Amino acid sequence: MTRELQGTATLLKLALKRDRIRLPIWVVAVGLLLAGGGQELAQVFSSAEERQVRATIMGQPSGIFMGGPGYGLDDYTVGAMMANEYTLFIVVAVAIMALQTAVRHTRGEESAGRIELLRSTRVGRHAAPAAATVMLLITATLITLVCAGSMLMLDLPAQDSWVFGAGIGVQVLVFGAVGLLCAQLSSSPRSAVGLGLAVLGVAVVVRGVGDIMEPRGSWLSWFSPIAWSMQTRAFVDLRWWPLVLAAGLALLITLAAMTLQSRRDLDAGLLPQRSGRAHAAGHLRGPLSLGFRLTRTSNLTWLIALILLAVTYGSLAPAMRDSFADLPASYQAIMGGSDRAVQGFLDLAMTTMACGAAALAVALASRLHGEETDSRTELVLSLPVARIRWLLSWWALAFVVSAVVLLLSTLVLAATTDAVITVDGVYSGLLLIWATYLPALTLFASLAVLVYALSPRLTVLAWVPVLFVVIVAILGPLLSVPSWVTDLSPFHHVARLASDSAADAAALTWISTVAVLTAALAVAAFRRRDIPRD
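Per-chain numbering applies: the sequence of each chain, read as written, is numbered from 1 onward. Restriction of local features to residues with pLDDT of at least 70 applies here, the model being predicted, together with a cutoff of 80 or more for giving and counting side-chain atom pairs; totals for whole chains, interfaces and linings are based on all residues. Where side-chain values are given, they derive from all heavy atoms of the structure, hydrogens and water being excluded.

Let's shift gears to the confidence of the model for the protein. With 92% of its residues at a pLDDT of 70 or more, the protein has an overall mean of 86. Per-residue confidence from the prediction method is given by pLDDT, with values spanning 0 to 100. The helix count covers DSSP runs of H or I at least four residues long, the strand count covers runs of E at least two residues long, and both are numbered beginning at the N terminus. The secondary-structure element of the protein with the lowest mean pLDDT is helix 14 (residues 329-334), recorded at 62, while helix 9 (residues 158-185) shows the highest, at 94.

As structure tokens, then:
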């Protein structure tokens, strides 16, 4: 066994070097989200009465699905609020990070040919998954420290804070182990990540449905490892033993992945690959259709996520209307006033879904880096395909797919709201708002393409504008962001239901112009550099 693990330390150093930027960004982002969100919740919902109003909303089925099983709703302290409302979102974020990390350092290395090269030296068969496992342990430790530290900054009990942080950290190990297992089953990094995301989606749905079935969770909830972190009941009725279940599951899945690796050939997956057609269909003979084919699984995942978010927001509209008068004044201001509470809530829902669509646009445009790294760009450009056509096809793909996903989720939001409460002109109003978000989506796609065209290694910087918009749009009203900063956000100039205000036509024209000019700069930069760029 020692021979099989030989070279693990060397591969670990390589993994740490490759993730020296990615890992700190993830860890800092999680810490800022928890610390900043916790501070704002503590300030806005400063009294017990205001927190109980929020507890009433979170006690609705949609609130339980979005949040947690509802421990502490009868005495909604800041700690119970954080554990109930933030755990799921943080767990999903770190689970995605863990899946990508595990697959990137195992199946990704095999697909790139580096594992075969390393295995020709004194590197054992299990060195790569072992190094990835240690990498996950390091990541889980950092996430635990950051999450616990964020809770301690809120002056919450130390023991509960550490269990809360450990509950988040152990999910890194669980879904990282799932990523290791999927890397053995699938023959490509993309399919491995897709399979892992499917497992994550099932875990989220099973947890949500199980918690809705019975107060504080039912037997079905326990079939989801996500529920185990929530069942620690941090800041309410602390118990640590559910974390043992999660750690044990992570160990079992990791051992299973190691065992399966011994039973397969290098660069092959255990799941049989479906034979493709001898000749591509006519609609697949272009860079745009190729890009859509390569991203269809991730596009469907984003669509399902935003539709679930739309259903949740729409079904919460009556509870928001009934509880609006008891909400803090700052939240009432965000909702547009007592006579427009539902419309203001729908505006907030549209902003949240638009942030998701913007993230999708950047994610699709950033796939250009992966296409170049995997040598597909070089292969396509060796055919009679112009560089401009290749680049603009992915730019169009990012915009069109994000716009369509936002459109479908907008229609679902309107239909769900109309089914539970009467709102005049809900369809026409939300569709108008959707249309005013389109220039912003174009701008995000253009910025991401420009970053790739200038330097593929800096593609991560394309996420900075999305982060800025999320902070300004979601937290800006609570943080009292200066007006000149708010004006910089392209989401600030869209139409609103609560105030019956039309979009700022001049601002949207400027946004569209900047988006077109940015795309033109991307084309010029892309034509001047080599493929691939070292």
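Still more ground to cover, so stick around.
The subject of this paragraph is the environment of Met230. Within the secondary structure, Met230 sits in helix 11 (residues 225-230). Relative accessible area decides the class of each residue, using a 1.4 Å probe on protein chains only: under 20% of the type maximum gives buried, over 50% gives exposed, and in between gives partly exposed. For Met230, a relative accessible area of 8% gives the class buried.

Here, nonpolar core means buried Ala, Val, Leu, Ile, Met, Phe, Trp, Tyr and Cys residues that are tied together by side-chain atoms lying within 4.5 Å of each other. Residues Leu413, Leu430 and Phe491 are the most contacted members of the largest nonpolar core, which totals 71 residues. For this core, the secondary-structure elements that each account for two or more residues are helix 13 (287-323), helix 15 (341-373), helix 16 (376-381), helix 17 (387-420), helix 18 (426-454), helix 19 (463-479) and helix 21 (505-527). If we skip the residues at most four places from it in the chain, Leu413 touches Ala310, Tyr313, Gly314, Leu346, Ala349, Met350, Met353 and Leu430. With 70 residues, the next largest nonpolar core counts Val78, Ile90, Ala102 and Ile253 among its residues. Residue contacts are counted whenever heavy atoms from the two residues lie within 4.5 Å of one another.

Attention now goes to the side chain of Thr101. Relative to the elements of secondary structure, Thr101 occurs in helix 5 (residues 78-104). Under the relative-accessibility criterion, Thr101 is labelled buried at 7%. Within the structure, Thr101 has its side chain in polar contact with the backbone oxygen of Met97 (distance 2.8 Å). A 3.5 Å cut-off defines polar contacts: any pair of N or O atoms within that distance qualifies, except that in protein one atom must be a possible hydrogen donor and the other a possible acceptor, and neighbouring residues in sequence count only when both atoms are side-chain atoms.

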